[in-house]
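Architecture at a glance
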Amino acid sequence: ANQGDHSDTGSFNIASASLSASKTVAVVATNPVNCATDAVSGGFATPGACVEYVITATNAAGAAAAATEISIGAVLPNDVSFVASSQSGFANDPTTGPVSISNPPGGCSSSCTVTLSGAQLAIGATGTLTIRATVR
């Protein structure tokens, strides 16, 4: 009774993000003019074709908090050569930002990794990382 153990109570409300992610692959063009900027027109993944990888991350509308310290890494298959990457929808993380993309050298032939870091997504927000490469 004299130690105060009976009055040592507390409650905690832990807010968390609710992230989901997906990845799609599409052929941009079988005979691209400029793989980095051509509009997606389809075709076949033959040597020289331009392909686009899109990684989409969403923080659910019902999430209790923003998703922070987001980092996405994508390793390209060895049968493609890296061309370009871009991001949209991600905001600068106040702790680890600004949003940045680390690209492998152009024409990278093995273990090519594209990394997005320093990002956050507000509640209900969606961000995308788009990577373009040519088929060898």
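Up top you'll find the structure we're talking about.
The following paragraphs examine the structure supplied in this document. Treat the numbers as computed from the prediction; the structure is a model and nothing was measured. (Residues numbered from 1 in each chain as written. Predicted model: local features only at pLDDT ≥ 70, side-chain atom pairs only at ≥ 80, totals over all residues. Heavy atoms only, no water.)

**Considering the pairing of strand β2 (residues 50-59)**
Defined as follows: For each residue, the accessible area found with a 1.4 Å probe, counting protein chains only, is set against the maximum for its type, and the residue is called buried under 20%, exposed over 50%, and partly exposed in between. Note on conventions: DSSP H or I runs of at least 4 residues are helices, E runs of at least 2 residues are strands, and numbering of each starts at the N terminus. We treat two strands as partners when DSSP finds at least two bridges between them.
Within β2, 8 of the 10 residues are buried, which leaves the element mostly enclosed by the surrounding structure. With 10 bridges connecting them, strand β1 (residues 19-29) and β2 associate as antiparallel partners. Within β2, the residue paired with Val25 across the bridge is Tyr53. When β2 meets strand β8 (residues 126-135), the two strands line up antiparallel, connected through 9 bridges. Its bridge partner lying in β8, Thr56 is registered against Thr128.

**What about the sheet that holds β8?**
For clarity, the threshold we go by: Whenever a helix is involved, its axis is fitted only over the stretch in contact; in every case the axis is a line through C-alpha atoms, and angles between N-to-C directions fall within 0 to 180 degrees.
Ordered in space as β1-β2-β8-β4, the 4 strands form an open sheet in which the pairing is antiparallel. The sheet is open, and its two edges are formed by β1 and β4 (80-88), each paired on a single side. The average undirected angle you get between the axes of adjacent strands in this sheet is 15°. Bridge count for β4 against β8 is 8 bridges, and the pairing is antiparallel. Its bridge partner being in β8, Val80 is matched across the sheet by Val135.

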